[in-house]
Amino acid sequence: MQLFFRAFLAIYLGHLLTDFVFQSHHLLEQKRRGKIASYELHGLIHYLSTTAVLGFVLHGSLLSLRTHLVVAVLSLVHLLIDFGKIKLAPDYAVCDGARAYITDQIFHFLTVVFAAWLLTPAVPFGELGALVQNARSIPNRFLAVPVIYAAVIFGGGYLIRSLVSSLAANVRSHSPERAGEQLQNAGLYIGWLERFLVVTALLVQSPATVGLILTAKSIARYPEFKTERFAEYFLIGTLLSISMALLAGAVLSKLLFGHVRVSG
């Protein structure tokens, strides 16, 4: 079970790095246009990222042919999932927006679980449900820290962006002086920093920092609150971001310390 947990975290971290850290907007646009080279580059990044993390976490995995075969097949499946989502988006509403993002990530998550199981065949598939209960007893649980940080900061940013995209479009339509992408990109980058600070604040037992972050962000955006549509966009996006970060901080605190530690 310990080996499976470590393999799962390593492979999932490789996935998060590939999809949210190393995938530029330009590369994503090239994939949407059907450029084969962009898919090849994305697959190569996935393969190298995943094998590198596995090699660091699992001793001897870089010299194992089984590891390279499993990761290579996983990279191919990863590309097929991305390709399918992009191709189906124009024809099916479920393949566009937040629903598409969530569905896409669920499929990726399941493939990561299966790949980790293939690398640790000694673990009966029926026992995988005990993973949550046994997570804290695993010596390498600190690998969960970069996984949760990457998932919440970067993956969470794109999820929130997809959830509030209609509100952002509404704001842009009533504020022609705004640069369309600039509005969303600014919120995306601010959200990354915001969630990082909130999760870290909970880990170091400084919940008051969360209040300071909200105050500073509100003061900076105060002049724009005169526009009702922007106020709705700002509040919904911020509450989603803070809620996600608070949940991640609580999960990390429980995993690392055995309980959620909150003090003033």
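These numbers were taken from a predicted model, which means no experiment stands behind them.

A.B. asks: Give a detailed account of the packing of aromatic side chains, specifying residues and quantitative values.
C.D. replies: Two descriptors summarise a pair of aromatic rings, namely the distance from one centre to the other and the angle between the planes of the rings. Per the stated rule, a full pass over the model turns up 12 aromatic pairs. A centroid spacing of 6.4 Å and a plane angle of 15° characterise the contact between F4 and F8, whose relative ring orientation is stacked. Of this pair, F4 and F8 both sit in helix α1 (residues 2-21), four residues apart, which is roughly one turn of the helix. One aromatic cluster is present, built from ring pairs that chain together F20, Y101, F154, Y158, Y189 and W192.

A.B. asks: Requested: an account of the side chain of S241, with residues and values cited.
C.D. replies: Note on placement: S241 falls in helix α11 (residues 228-257). A distance of 2.5 Å separates polar atoms of two side chains, one belonging to S241 and the other to E194. Of the polar contacts made by the side chain of S241, one reaches the side chain of R195; its length is 2.9 Å. Contacts of S241, omitting those with residues within four sequence positions, involve I160, G191, E194 and R195.

A.B. asks: How would you sum up helix α2 (residues 25-32)? Please name residues and give values.
C.D. replies: All of the buried residues in α2 are L27, Q30 and K31. End-on, the buried residues of α2 take up no more than an arc of 100°, which puts them together on one face. With respect to the buried face of α2, the exposed residues turned more than 90 degrees away are H25 and H26. Where α2 is buried, its residues touch α3 (36-57) and α4 (65-88). Following α2 by one or two positions, G34 adopts a phi angle in the positive range, close to 80°.

A.B. asks: So what's going on with α4? Which residues, and what values?
C.D. replies: Look at α4: 35 Å from first C-alpha to last across 24 residues, which is about the 34 Å you get at 1.5 Å a residue. Those residues of α4 not exposed but buried are T67, V70, V71, L74, S75, H78, L79, I81, D82 and I86. In the core, the buried residues of α4 are packed alongside α1, α2, α3 and α5 (97-119). Where α4 starts, the residue carrying a side-chain oxygen 3.3 Å from the main-chain nitrogen of R66 turns out to be S64.

A.B. asks: Tell me what's going on with the packing of α2 against α3, and back it up with residues and numbers.
C.D. replies: The contact between α2 and α3 brings their axes to 8 Å, and the two run at 130°. Between α2 and α3, the interaxial angle falls into the category oblique. Residues L27, Q30 and K31 of α2 lie in contact with α3, whose contacting residues are S38, Y39, L41, H42 and I45. For the contact of α2 with α3, the per-class residue count stands at four nonpolar, three polar and one charged.

A.B. asks: Residue-level account of the pattern of salt bridges, with values.
C.D. replies: Within the structure shown, the criterion is met by two salt bridges. Its salt-bridge partner being E29, residue R32 comes within 2.9 Å of it at the nearest N-O pair. Within this pair, R32 and its partner E29 are both found in helix α2, separated by three residues, close to a single helical turn. The exposure class assigned to R32 is partly exposed, which follows from its relative accessible area of 49%. E29 sits in the partly exposed class, given a relative accessible area of 23%. With its nearest N and O atoms 3.0 Å apart, the salt bridge here joins D82 to K31.

Each value, and the rule that gives it
- Residues numbered from 1 in each chain as written.
- Predicted model: local features only at pLDDT ≥ 70, side-chain atom pairs only at ≥ 80, totals over all residues.
- Heavy atoms only, no water.
- Phe/Tyr/Trp six-rings, centres within 6.5 Å; stacked < 30°, edge-to-face > 60°.
- Helix = DSSP H or I, 4+ residues; strand = E, 2+ residues; numbered from the N terminus.
- Polar contact = N/O pair within 3.5 Å; in protein donor to acceptor, adjacent residues only side chain to side chain.
- Contact = heavy atoms within 4.5 Å.
- Buried < 20%, exposed > 50% of the residue type's maximum accessible area, 1.4 Å probe, protein only.
- Arc of directions from axis to C-beta.
- Expected span 1.5 Å × (residues − 1).
- Axes fitted to C-alpha atoms, helices over the stretch in contact; angles between N-to-C directions.
- Parallel < 35°, antiparallel > 145°, perpendicular 65-115°, else oblique.
- Nonpolar A, V, L, I, M, F, W, Y, C, P; charged D, E, K, R; others polar.
- Salt bridge = Lys/Arg side-chain N within 4 Å of Asp/Glu carboxyl O.

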